[in-house]
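# Descriptive analysis of the structure
Each chain, letter by letter, is given below.
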Amino acid sequence: MKKLVMAALGGTLAGAILTTQVAGPLVAQDASENATVYEQLDLFGDIFERIRAQYVEEVEPGELIEAAIDGMLSSLDPHSSYLSPKDAADMRVQTRGSFGGLGIEVTQEEGFVRVVSPMDGTPADDAGMETGDYITHVDGESLLGLTLDDAVNKLRGPVGSEIIITVVREGADEPFDVSIIRDTIKLTAATARTVGNTVVLRVTTFNDQTYPNMAEGLSREVEALGGFENVDGVVLDLRNNPGGLLNQAIAVSDAFLNSGEIVSTRGRNPEESERVNAETGDLAKSKPMVVLINGGSASASEIVAGALQDHRRAIVVGTKSFGKGSVQTVMPVASEGAMRLTTARYYTPSGRSIQALGVSPDIVVEQPPRQPASEETEEDTRGARSEADLRGRLNNDSLSEDEQRQIEEEREAAEQAAELRDEDFQLSYAVDLIKGLATIASAK
């Protein structure tokens, strides 16, 4: 460390020779600051030695230093941290799309562990964990006062092992326990399906598989519909997507933009700023688009939503996103560990930062809690009768058999849409919006 500081000081002094005398006070100031740094390092060394010599139990020096490094980084912001060799290896595996754990993205707020989002189809999702839940205890042990990394380490464990977490949820009168069995999390980063004539692309995370999964799924569903002439539009579902790789967020945004800025990043030094622009080519062939977001949509998800919103390429529907507008760079360090350091803020094409603000949807649509249908309602539905059920009723003589068949198909599609409204109101709203936009476009 002292060698690095000395090298910096030597560079400052050498530069002063080539400048005017105005630089003199600055050099003196730098020397004074470095002297203070030396004093602080001496203080650290003194405390380190006293702990080794006088603490009530013998401690491992390497663990002390690791804890000091982690404390230094975590004091900067919630997203900077030290990764031990094991954690660094786990992180590299996770970005490739397969890892062990609960399948839950968390952050820390005022000492409490808060759920950003459960990942689709994972143990945490199956157990009913929700965005905004606070985890207070793991197996009866409080998480209050722990660093985020320490809390996450307690959530991790062998595949197949049980963990009991205590949850505080808004709207619940008392904290409650949730039992989860840890499992190997194999994420399909993006899936595709068709609802009516709308292709729904569900992106759960941004890892190396995201763009290939999404592009392949879109192509498959369009082919199944008989080509883009039969496609009303595309819904890009980014709800509860905690983010991931910046380059994948750029690739997904670029997939639906023909030109213009996607995102810019600005570091502490102006020369470190970068701007990324879209290349020609729209996978959706300019069809109407809706992007779905909620409070669990963070980081890379917000880059995509912000880019498509600013370019008026898509209508953003749902609720305000999480608001993580910073970029972390993972830097390898000695002993195969790594340092995750916040190095820049990112900005949408219009120049706005979403840090602590989030992306605001164009249309706010809350997801109502699912209410099970009452027996009375189901009986009423089964008992509903119409003219067509009456014996001896007159036939409709104004429509051909093909026209009647088309009406029946449209009625069946409407009934399926009503079912989707009960299952996923936000998605149903997005699909209805796409259908309306497609109808207007076809009438022009």
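Residues numbered from 1 in each chain as written. Predicted model: local features only at pLDDT ≥ 70, side-chain atom pairs only at ≥ 80, totals over all residues. Heavy atoms only, no water.

Attention shifts here to the packing of helix H7 (residues 210–224) against helix H8 (residues 246–254). Running from amino to carboxyl end, H7 crosses H8 at an angle of 25 degrees, the nearest separation of the two axes being 9 Å. Here H8 runs roughly parallel to H7, going by the angle between their axes. On the side of H7, the interface is formed by Thr210, Tyr211, Pro212 and Met214, while H8 contributes Gln248, Ala251 and Val252. Considered class by class, the residues forming the contact of H7 with H8 number five nonpolar, two polar and no charged. (Axes fitted to C-alpha atoms, helices over the stretch in contact; angles between N-to-C directions. Helix = DSSP H or I, 4+ residues; strand = E, 2+ residues; numbered from the N terminus. Parallel < 35°, antiparallel > 145°, perpendicular 65-115°, else oblique. Contact = heavy atoms within 4.5 Å. Nonpolar A, V, L, I, M, F, W, Y, C, P; charged D, E, K, R; others polar.)

For Asp77, the location among the structural elements is in the loop between helix H3 (61–74) and strand S1 (81–83). For Asp77, the side chain forms a polar contact with the main-chain nitrogen of His79, separated by 2.7 Å. Separated by 3.0 Å, the side chains of Asp77 and Thr342 make a polar contact. (Polar contact = N/O pair within 3.5 Å; in protein donor to acceptor, adjacent residues only side chain to side chain.)

Moving on, we get to the nonpolar core. Grouped together as the largest cluster of nonpolar side chains are 40 residues, with contacts concentrated most on Leu201, Leu236, Phe256, Val291 and Leu308. Of the residues forming this core, the biggest block, six residues, is contributed by helix H9 (residues 300–310). Residues within four places of Val291 in sequence aside, it is in contact with Leu236, Leu238, Ala305, Leu308, Ala314, Ile315, Val316 and Val317. One finds Val106, Val115, Ile135 and Val167 within the second-largest nonpolar core, a separate group that totals 19 residues. (Core = buried A, V, L, I, M, F, W, Y, C linked by side-chain atoms within 4.5 Å. Buried < 20%, exposed > 50% of the residue type's maximum accessible area, 1.4 Å probe, protein only.)

Below, the discussion takes up H9. Buried residues dominate H9, accounting for 10 of its 11 residues. Tucked inside the fold, the buried residues of H9 contact strand S12 (233–237), H8, strand S13 (261–266), strand S15 (289–293), strand S16 (315–318) and strand S18 (338–347).

We now examine H8. Within the sequence span of H8, burial applies to Gln248, Ala249, Ile250, Val252, Ser253 and Asp254. Next to the buried residues of H8 lie H7, S12, S13, strand S14 (274–277) and H9.

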